[in-house]
Amino acid sequence: MRAVTALPPLARLGRPLLAAPCHRSQLVVIGRRDNMDFSPKSPEVNVESMRKPYRCRDDAFREEHLKSREPIGQFRAWFEDATKTPGILEANAMCLSTATTDGRPSARFVLLKGFGRDGFRFFTNYDSRKAAELDSNPLAALTFYWEPLNRSVRIEGKVRRLPADVSEQYFRSRPLASQIGALLGAQSSVVRNRSHLEGEEALIRMKHGTDKMPIPMPNWGGYIVEPMEVEFWQGQTTRIHDRIRFRRRTADDLTKPFVRHGEDGWVYERLAP
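Residues numbered from 1 in each chain as written. Predicted model: local features only at pLDDT ≥ 70, side-chain atom pairs only at ≥ 80, totals over all residues. Heavy atoms only, no water.

Colleague: When you look at the side chain of Glu-231 in this model, what are you seeing that I'm missing?
Modeller: As for its placement among the helices and strands, Glu-231 is situated in strand β7 (residues 220–234). By relative accessible area, Glu-231 is classed as buried at 6%. In contact with Glu-231, other than residues within four places in its own chain, are Ser-152, Val-153, Arg-154, Arg-243, Ile-244, Arg-245 and Leu-271. (Helix = DSSP H or I, 4+ residues; strand = E, 2+ residues; numbered from the N terminus. Buried < 20%, exposed > 50% of the residue type's maximum accessible area, 1.4 Å probe, protein only. Contact = heavy atoms within 4.5 Å.)

As structure tokens, this is what we get:
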């Protein structure tokens, strides 16, 4: 298996945005009105009017602006931009979308833990809902959204489990608290309350402290998404958004209009917004 790119340290993410202390006397309600009606017909915030400007026409994302003619190199360039942008605290946060064999979808946020030509890696509990869906229907979509940059990347591909030794090596590199958290029952299973979880955590910590026996490896490990399509999106204030999609080359691409030939078996094309 090819090596993957290690994620940059958090120090590169720029100065974190610190939440101001919240006191009851300082609470501010946006758009507050006297005699507010909280019925469903009178929302406090007018959602339909919510709109923000993105980039201007002179700052469009054109084909000549690509840093690479294959998607992994282009992703690396945008990802590095995101890690250096103040206000993006977790550039590696991504929405993972899966589906059951009969097409029922589900989505949640996970953290990217490596990427390279072989794909995009993440780790999770193998007893979780996402793992059950991935094992029965090994297709997934990943979505990154970096709001300060008005950029998003969407990835679709096949999924497979990482080797057990790779998963265990990463598990042992996690902080002790994260290792203990992975032992607290099957992810997504119903529990009594938070106090129950905290009690279980305390018992595990007593038995497996920093100077005691190692945390046993739970039913936990990694997956890799092998990309078939990767789309790069950049927002425009006019809503004529820029969308450039990479996909694996097929035999009939030679006769298709507007298809540009990339590198390493990829082609790319512009999509209507």
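Colleague: Would you mind going over the packing of aromatic side chains with me for this structure?
Modeller: Geometry of an aromatic ring pair is reported as the spacing of the ring centres plus the angle between the planes. For the structure on display, the rule yields 20 aromatic pairs. The interplanar angle of 85 degrees and the centroid separation of 5.0 Å between the aromatic rings of Phe-75 and Phe-115 together place this pair among those described as edge-to-face. With Phe-75 in helix α1 (residues 71–83) and Phe-115 in strand β3 (residues 114–116), the pair connects residues that are 40 residues apart, well separated along the chain. For Phe-75, a relative accessible area of 0% corresponds to the buried category. Phe-115 sits in the buried class, given a relative accessible area of 2%. Taking the centre distance of 5.9 Å and the plane angle of 80 degrees together, the rings of Phe-232 and Phe-246 count as edge-to-face. Of this pair, Phe-232 sits in strand β7 while Phe-246 sits in strand β8 (residues 242–248), and the two are 14 residues apart along the sequence. Given a relative accessible area of 0%, Phe-232 falls into the buried group. (Phe/Tyr/Trp six-rings, centres within 6.5 Å; stacked < 30°, edge-to-face > 60°.)

Colleague: When you look at the nonpolar core in this model, what are you seeing that I'm missing?
Modeller: The nonpolar side chains of a soluble globular protein tend to be buried with one another. Within the largest apolar cluster, 35 residues are counted, with the highest numbers of intra-cluster contacts made by Phe-75, Trp-146 and Val-153. At 5 residues, α1 tops the list of elements feeding residues into this core. With sequence-adjacent residues up to four places away left out, Trp-146 is seen in contact with Phe-75, Trp-78, Phe-79, Ala-82, Ile-88, Ala-91, Arg-151 and Val-153. In terms of nonpolar packing, the next biggest core, distinct from the first, is built from 9 residues, Phe-123, Ile-180, Ile-204 and Ile-224 among them. (Core = buried A, V, L, I, M, F, W, Y, C linked by side-chain atoms within 4.5 Å.)

Colleague: I'm lost on α1 in this one. Help?
Modeller: One turn of the α-helix equals 3.6 residues, which is why residues spaced by three or four share an orientation. Taking 1.5 Å of rise per residue, the 13 residues of α1 would be expected to cover 18 Å, and the 18 Å separating its terminal C-alpha atoms lies within 8% of that figure. The set of residues buried in α1 consists of Pro-71, Ile-72, Gly-73, Gln-74, Phe-75, Ala-77, Trp-78, Phe-79, Ala-82 and Thr-83. Between the side-chain oxygen at the start of α1 and the backbone nitrogen of Ile-72 there is a gap of 2.9 Å, and the oxygen is on Glu-70. (Expected span 1.5 Å × (residues − 1). Polar contact = N/O pair within 3.5 Å; in protein donor to acceptor, adjacent residues only side chain to side chain.)

Colleague: I tried to follow the pairing of strand β10 (residues 266–270) on my own but got confused; where do I start?
Modeller: Regular strands show a simple pattern: their side chains alternate between the two faces of the sheet. Burial runs high along β10: 4 of the 5 residues are buried. As defined by bridge partners, β8 adjoins β10 across 5 bridges and the pair is classed as antiparallel. Paired with Phe-246 across the two strands is Tyr-268, which belongs to β10. The pairing of strand β9 (residues 260–261) with β10 spans 2 bridges and is classified as antiparallel. (Pairing = 2+ DSSP bridges.)

Colleague: Help me understand the environment of Gly-103, please; the structure alone is not making it clear to me.
Modeller: Secondary-structure assignment places Gly-103 in the loop between β1 (93–99) and β2 (105–111). Classification of Gly-103 as partly exposed rests on a relative accessible area of 49%. Residues Gly-103 and Asn-137 lie 34 residues apart in sequence; the distance between their C-alpha atoms is 9.3 Å.

Colleague: What is the right way to read the pairing of β1 from this model?
Modeller: Within β1, 5 of the 7 residues are buried, leaving the element largely enclosed by the surrounding structure. In terms of strand pairing, β1 meets β2 through 7 bridges, oriented antiparallel. The residue of β2 that forms the bridge with Ala-93 is Leu-111. Between β1 and β2, which pair antiparallel and follow one another directly, the connecting turn spans 5 residues, one of which, Gly-103, has a positive phi of 95 degrees.

Colleague: When you look at the environment of Gln-74 in this model, what are you seeing that I'm missing?
Modeller: When you line up the elements, Gln-74 lands in helix α1. Judged by its relative accessible area of 0%, Gln-74 is buried. A C-alpha to C-alpha distance of 9.8 Å links Gln-74 and Val-230, two positions 156 residues apart in sequence. Discounting chain neighbours no more than four positions away, the residues touching Gln-74 are Phe-61, Leu-66, Lys-67, Ser-68 and Phe-232. Looking at Gln-74, its side chain comes within polar contact range of the main-chain nitrogen of Lys-67, at 2.6 Å.

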